[in-house]
Structures are given as structure tokens and as C-alpha cells.
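An overview of the molecular structure
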Amino acid sequence: WGWRLHAPSHEDELLRAPTRDGWRLAIGHRRPRAPGRLPPVLFVHGIAMNRQAFDFGVERYSVAVHLAAAGFDCFALDLRGHGGSRRGPTARWSLDTYLEEDLPAAFDAIRGATGSDEVLYVGHSQGAILGMAACGLHPARIRALVALAGPAHFDAQPRLKALVAMRRLGFGAHLRALSRAVAPFSGFWHPSPVELAINVRNVERPVYRRLLANAMENLQPGVVDQFSACIRDDTFRSCDGTIDYRALFPECRQPALFIAAEKDGLAPPGVVESAWRRWGGPKRFEVCGPDYGHADVLIGRHAPEEVFPAIREFLLEHSRSA
């Protein structure tokens, strides 16, 4: 069934972005299908996913396909340990590593491919909060931000705290294999932990199966430990406590679109709205309809008609003709 459920993304090319600590990150590139826009778009996926979250093999649910049709140069990043990224010497990493190594490497690779010093940043979940922090840490590299279901606050999710407490059971290290194993039988039963991350009733069953078979990855111990500390203390800090990423938000001047989902168990609308309120630049806050959960802002039945146009129009507003 791995063969039957395989959904390649059909990108135009695959770039390699070397990091300073020896990793070679994969970046899928889709060229524009209409008169070009600048700057290019960088997509950054969430925890336990890879770049196919944004460039899914089912083209109707590919945000990259929709934005390329609007003239954008689209680059979907695989963070280290995910998708096609090639292993380096570092065995353990955290959110800090993504911010210090992976995102700068992606910015440089995109500049090499396009000549643009800036990107339009689109992140989902973990990728969204990395984008919020990166706007403060690397302000010259990000023109505007789209944050999809980004949980930068952790004070209103008791079920999330219970879920993170289960990390010692060891399932996270085998999540990729487990997802592929259950993919053919998925969609008939909706266990409670799954409902935190996706409203399965809002996703077509064949699409959900292909998501499990192609886009899921293992949980990384260092990342989960950092999230656990953030959830425990309701903070968003570096592992050593020296950088309060959330304290950077009021100083950020990039235009930002925050999108939340009503049935989201990981980043409820109130949590996303809290980050929106802290943001210092021009900002917009939108909530998807009543059927949307955490992951189905990208692959929900009507996301191509209800969510993707909001992303496209915001990016058109903050881009220019090439």
C-alpha cells in the first residue's frame, strides 16, 4: 500500500541548503505559472510533518500549486530530520537549532536561486511560531508572515499538556512508520489524540490516507523537550532561557496574517489571537469556519476555496511584480 498511496509532489526541482553544522536540507521549488511576483515564498512545516504539508501530491490541496499559479516562486523546506534532508553530525536538536541553522540556510539557498534577500514566510503550527520568532531574529530576511494555527501561547490547552506528558512512552520515535502502517485503514475510527491535530470528518478519506503515508515524520526528542518546557511554564523561550522569543513579537514590524481554526485542539482561536494581539506590525486575524481543525486548514474539504485565497490575497498585497 506504500506504492498505492504514494503521492509525489511533482516539484520543478529539489534544492539543497547546507547548514553550518553539516546538514543538507531539502527545499522543493515550484516555479511561477503566471507573471512573476517578488519576493519568493518560503513554506515551513509543522512538528512531525515534512514539506508535503504545503506541496501535497494531491494538487487540489497544494498551497504551493495555488500560489505558483498566482505568479509566486515557491520553496517548501524540509527541516533537519524530515523528508529529504540529509543527516549531518548533529544527533539532537531543538527549535533553537531550526532558528539558528536551518532557516538561515534556507534564506541563503533561496537568495542563491532567485537573487532575493527577502522571503514571504508561510508557516503552519511549529513552522508558524518559528516564523514569528524569525521575524524578530532575522528581520531583514522576511517581508511578511502568514502564521497558520501557530500556538505561541500554551495556557489554554490541558489536553495538549496531557499529550506531551506521554512522550516518554516512545511512540514519537516511530511515528512515521506507524502512520504509514495504519494509513490504509484510517478514516473509520477517530481516537481522541488524533482529533487534537485534525478534524478527520473535514478531510476526504483518500486525502487523509495519503497525508499519513507521505507527510508524517517522527517526533524529535530535543524539540519535544523544548515544547514540553514551554507548555509547562507557558513560555516561548530558548532552551537556555536567554532568549524570550515571545517578547520579540511587539518589536516585529512585518505585516502578518494569523489564521486560526475553530476545532483546533493544539492552537485554539484564543491562543492564536493572543499572538496576534502581541504583534507589533500591521496585522490581520481570521478564523476558519466551524469544521476546521489544526491540520485541515491545509487539507480540509473546502480549504482550497476558503483558506488558500486568503493566503494568496495577503501575499499579493505584500509583494510586487517581478
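Attention here is on the structure that accompanies the text.

1. Points about the layout of surface pockets
By volume, the second largest pocket amounts to about 250 Å³. Along its surface, the second largest pocket is lined by 15 residues, and Gly81, His82, Arg87, Trp93 and Gln220 are the ones closest to its centre. The residue inventory of the lining of the second largest pocket, partitioned by class, reads four nonpolar, seven polar and four charged.

2. A word on helix α9 (residues 221-233)
Think of an α-helix as turning once every 3.6 residues; residues three or four places apart then point the same way. Counted at 1.5 Å a residue, the expected span for α9 with its 13 residues is 18 Å, and the 18 Å between its end C-alpha atoms agrees. Buried residues of α9: Gly222, Val223, Val224, Gln226, Phe227, Ser228, Cys230 and Ile231, and no others. The positive-phi residue at the C-terminal boundary of α9 is aspartate 234, with phi of around 50 degrees.

3. Some words on the pattern of salt bridges
Taken as a whole and assessed by the stated rule, the structure comprises 23 salt bridges. Where arginine 111 meets aspartate 117, a salt bridge forms, and the shortest distance between an N and an O atom there is 3.4 Å. We note a salt bridge from aspartate 233 to arginine 232, for which the minimum N-O separation is 3.0 Å. Bridged by salt links that share partners, the residues Asp108, Arg111, Asp117 and Arg141 form one connected network.

4. Quick look at the pairing of strand β1 (residues 13-18)
In this structure, β1 lies alongside strand β2 (residues 24-30), joined through six bridges in antiparallel fashion. Paired with glutamate 13 across the two strands is histidine 29, which belongs to β2. Where β1 hands over to β2, the hairpin turn is made up of five residues, of which glycine 22 adopts a positive phi near 100 degrees.

5. Brief notes about empty space enclosed by the protein
Per the stated rule, a full pass over the model turns up two cavities of 30 Å³ or more. Met49, Ala53, His124, Leu211, Ala295, Leu298 and Ile299 are the residues that line the largest cavity. Across the lining of the largest cavity, the residue classes tally to six nonpolar, one polar and no charged. Space inside the second largest cavity adds up to approximately 30 Å³. Together, Ile47, Ala48, His82, Tyr98, Gln126, Asn218, Gln220 and Val223 line the second largest cavity. Here the residues of the lining of the second largest cavity are counted per class, giving four nonpolar, four polar and no charged.

The rules behind the values
- Throughout, a residue's number is its position along its own chain's written sequence, starting from 1.
- Residues qualify for local features only when their pLDDT is at least 70, as the model is predicted, and side-chain atom pairs are given and counted only at 80 or more; totals for whole chains, interfaces and linings, by contrast, use all residues.
- To obtain the side-chain values, all non-hydrogen atoms of the structure were used and water was disregarded.
- Points on a 1 Å grid over protein atoms alone make up a cavity when a 1.4 Å probe fits among them but cannot get out, and a pocket when they form an open set with protein on both sides within 12 Å along at least five of seven lines; lining residues each have an atom within 4 Å of a point.
- Grid points are joined across faces, edges and corners, and a volume is the space filled by probe spheres set on the points.
- For this scheme, ten residues count as nonpolar: Ala, Val, Leu, Ile, Met, Phe, Trp, Tyr, Cys and Pro. Four count as charged, namely Asp, Glu, Lys and Arg, and the remainder, Gly too, count as polar.
- Helix and strand definitions here come from DSSP, where helices need a minimum of 4 consecutive H or I residues and strands a minimum of 2 consecutive E residues; each element is numbered from the N-terminal end.
- Between the first and last residue of a helix there are one fewer steps than residues, each counted as 1.5 Å, and that sum is the expected span.
- Using a 1.4 Å probe on the protein chains alone, a residue whose accessible area is under 20% of its type maximum counts as buried, one over 50% counts as exposed, and one in between counts as partly exposed.
- A side-chain nitrogen of Lys or Arg and a carboxyl oxygen of Asp or Glu constitute a salt bridge if their distance falls within 4 Å.
- Any two strands between which DSSP finds at least two bridges are classified as paired.

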